[in-house]
Amino acid sequence: MPAGPMDGAPAAERAHVTIRGLSKRFGNAVIYDKFDFDIPRGKLISVFGPNGCGKSTLINMIAGLIPINEGEILFDGKRLNEIKFGYVFQNYREALFPWLRAIDNIEYPLKVMKVPSAERQARSEKLIAHLGVKIDLKRYPYEMSGGQQQLVSIMRALIVEPEILFLDEPFSALDYEMTLFMREQLQRVFQETGTTTVLVSHDLEEAVYLADRILLLSRHPALVADFVHFDDARPRTDETLSGAEFIRVKAHCLEVFQREVRKG
Amino acid sequence: MKRLDQLLPIVGVIGLIVVWYVAVWCEVVDPVLLPSPTQTFWALWKGMTGGVLGFDFFMTVRRTIISTLIAAAIALPLGIFLGSSERLYRSVEFVIDFFRSTPASAMFPLFLVLFGVGDKTKISVAAFGAMLVILFNVAYGVMNARKTRLLAAKVMGASRLRVLTDVMLLESLPQTFIGLRNGVSLALVIIVVAEMFIGSTDGLGHRVFEAQQLFEMPDMYAAIFAAGALGYGLNLLFLLVERRFVHWSGK
Ligand SMILES: Nc1ncnc2c1ncn2[C@@H]1O[C@H](COP(=O)(O)OP(=O)(O)O)[C@@H](O)[C@H]1O
Ligand SMILES: [Mg+2]
């Protein structure tokens, strides 16, 4: 059975984010033109597609980092400013605040929300225990390894107990060993919290390995080239990578990707 | 080996003193014009401990600090304000750059007319020069705040004011300290020049000038070294403060 938009879970899968008639232009370049898409609730969605097709633009528009030209993005029918969400940048070095200790970076969003200090501390302690984080968070970001810094970024995004978490190529600035470790951390976060997660990845293996659904985009103006299910049980391990289902889904995604690249 | 490396800066100092001694010994220069290092350091020691040089040193420090404080008090808030909007800064950039490029000494006659012969003129010209240097650096520090960091604060729901106080201000600190260091150096230069020529009765500039007029060469060299030590010390002071408060600078 080929993976495809109609395949897998029932059409009634509950949408968390609904994107309707989304259009985005940079000057004359049309990146999105009347784009419709539903992001299902409680799933980890990987976004994969050719370089420059608009992956970052998509999550930045959903997270309100850049304005949209037309269309509507709703979260359970609510607007962005009515919900809590987290965003993890690729460039952790520039996203963390170097003047704050790691723990204060993590608690910063609560400070913005005017949560009292004692409660901030209680919540960060809870999060640390929940994720089983053992690194010393009294240090400043520049005293930590890249992976540790990105872990701090992820914790900073999670501290508000977001309804939805966005990550834009969060591991691409890390070395391979650290990337493998961080994939496990992210999987653990997702299993522990069940937060709807949108992960942009430029690594197909990673995109499939971590995802429940893989959103494959075409060159811009970006369209949904395919929306592929990958339902292997969690936690996924090295065995997942050699499993028949993983290999099938990955091959399918690669085929769709190559078809889209050749079109350009 | 590491230990020895720390002593490297002293090599130049010893070299200079040796060359100096040799020059005095060979009488390369008229002995009246070039006293020996011993004579000079003795004059420096006597002047600083109980002599008039110590008082002049203090007066110059006082004027330099006051003018830098005035400069910083104006330039920090103004620089943050101008830097928080790139368009705003661009619209005043030419004026700032123009006056930054104008030699501050050319402003003395104007300030003399405004403030008369006295400390007010010296301090205000120095403050004016230092202010522009600090202003320019603060504004650039704020404008060049990392975009990702501003976005990060924004996605966490920080208001514009919060972004300014929690991110832009701190982001601009390393550059602000560069401005403060350059500003205090410039203030010192202007103060010393003013003390030489603008009806002064004290200050290091006055001491150098008077010693030269009276042909007291050891005193003159001593005052020059005192001025050098002051400039170096002020720079070092700001560096130490920076290292303490802007611990993330350059990391
Ligand atoms: N601020 C911008 N101004 C102009 N063009 C942009 C801007 N941001 C992105 N683009 C263009 O939009 C397209 C999509 O960019 P992006 O979403 O970053 O791609 P990617 O899928 O690699 O993340 C690219 O062609 C890029 O050059
Ligand atoms: Mg991108």
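Let me begin by describing the structure that accompanies this report. Here the structure is a predicted model, which means the values were calculated and not measured. (Residues numbered from 1 in each chain as written. Chains lettered and ligands numbered in written order. Predicted model: local features only at pLDDT ≥ 70, side-chain atom pairs only at ≥ 80, totals over all residues. Heavy atoms only, no water.)

## Details of the interface of chain A and chain B
If you look at the interface, chain A gives 21 residues, while chain B gives 19 residues. Note on chain A versus chain B: buried area summed over both sides is about 1900 Å², and carbon and sulfur give 68% of it. If you sort the residues of chain A by the area they bury against chain B, Glu94(A), Trp99(A) and Tyr142(A) come out on top, with a joint share of 37%. On the surface where chain A and chain B come into contact, there are one salt bridge. The salt bridge partner of Arg146(B) is Glu94(A), with a shortest N-O separation of 2.9 Å. Elements supplying a minimum of two residues to the side of chain A that touches chain B: strand E5 (85-88), helix H2 (92-95) and helix H3 (102-112) of chain A. Of the residues forming the side of chain A that touches chain B, the biggest block, four residues, is contributed by H3(A). Residue composition of the side of chain A that touches chain B, grouped by class: 15 nonpolar, two polar and four charged. (Contact = heavy atoms within 4.5 Å. Buried area = accessible area lost by both parts, 1.4 Å probe. Salt bridge = Lys/Arg side-chain N within 4 Å of Asp/Glu carboxyl O. Helix = DSSP H or I, 4+ residues; strand = E, 2+ residues; numbered from the N terminus. Nonpolar A, V, L, I, M, F, W, Y, C, P; charged D, E, K, R; others polar.)

## A short note on the sheet that holds E5(A)
Residues and elements named next belong to chain A. Strand order in the open sheet formed by six strands is E5-E6-E7-E3-E8-E9, with mixed pairing between adjacent strands. Of all strands in the sheet, those bounded by a partner on one side alone are E5 and strand E9 (224-229). Across the sheet, the mean angle from the axis of one strand to that of its neighbour is 15°, orientation sign disregarded. Looking at chain direction, strand E3 (residues 44-48) and strand E7 (residues 196-200) are connected through four bridges and run parallel. Looking at E7, one finds that Leu 44 is bridged to Thr 197. Contacts between helix H9 (residues 244-263) and the sheet are confined to E3, strand E8 (213-217) and E9, with E9 contributing the most and set at about 180° to the helix. (Pairing = 2+ DSSP bridges. Axes fitted to C-alpha atoms, helices over the stretch in contact; angles between N-to-C directions.)

## Thoughts on the environment of Leu112(B)
All names here are of chain B. One can find Leu 112 in helix H6 (residues 108-115). Leu 112 sits in the partly exposed class, given a relative accessible area of 28%. The spacing of Leu 112 and Ala 73 is 39 residues in sequence and 23 Å in space, taken between C-alpha atoms. (Buried < 20%, exposed > 50% of the residue type's maximum accessible area, 1.4 Å probe, protein only.)

## Description of helix H3 (residues 37-48) of chain B
Residues and elements named next belong to chain B. With twelve residues, H3 extends 16 Å from end C-alpha to end C-alpha; this agrees with the ideal 16 Å at 1.5 Å per step. Along its buried surface, H3 packs onto helix H2 (8-25), helix H4 (52-83) and helix H11 (217-245). Following H3 by one or two positions, Gly 50 has its phi on the positive side, about 100°. (Expected span 1.5 Å × (residues − 1).)

## Let's talk about the packing of helix H5 (residues 86-101) of chain B against helix H7 (residues 119-143) of chain B
All names here are of chain B. At a minimum axis distance of 11 Å, the contact between H5 and H7 shows a crossing angle of 150°. The angle between H5 and H7 falls in the class roughly antiparallel. The element H5 and its partner H7 pack so that their crossing is left-handed. Only Phe 128, Leu 132, Val 133, Leu 135, Phe 136, Ala 139, Tyr 140 and Met 143 of H7 make contact with H5, whose side of the interface consists of Glu 86, Tyr 89, Arg 90, Glu 93, Ile 96, Asp 97, Phe 99 and Arg 100. (Parallel < 35°, antiparallel > 145°, perpendicular 65-115°, else oblique. Left-handed = near helix turned anticlockwise from the far one by under 90°.)

## Considering unusual backbone geometry
Along the chain, His220(A) connects to Pro221(A) via a cis peptide bond; the corresponding omega equals 0°. Turning to its location among the elements, Pro221(A) is positioned in the loop between E8 and E9. Across the junction of Arg234(A) and Pro235(A), the peptide omega takes the value -5°, indicating a cis bond. In this fold, Pro235(A) is placed in the loop between E9 and helix H8 (238-242). If you check the backbone angles, Phe215(B) has positive phi at about 60° while not being a glycine.

## A short note on the sheet that holds strand E2 (residues 29-40) of chain A
All names here are of chain A. Spatial ordering of the open sheet is given by E2-E1-E4, a layout of three strands whose pairing is antiparallel. Each edge of the open sheet is held by one strand with a lone partner, namely E2 and strand E4 (70-75). Within the sheet, the average angular offset between the axes of one strand and its neighbour, ignoring direction, is 15°. In terms of strand pairing, strand E1 (residues 15-26) meets E2 through eight bridges, oriented antiparallel. Along E2, the bridge assignment pairs Leu 22 with Phe 35.

Function cannot be inferred from these measures alone, as they are strictly geometric.
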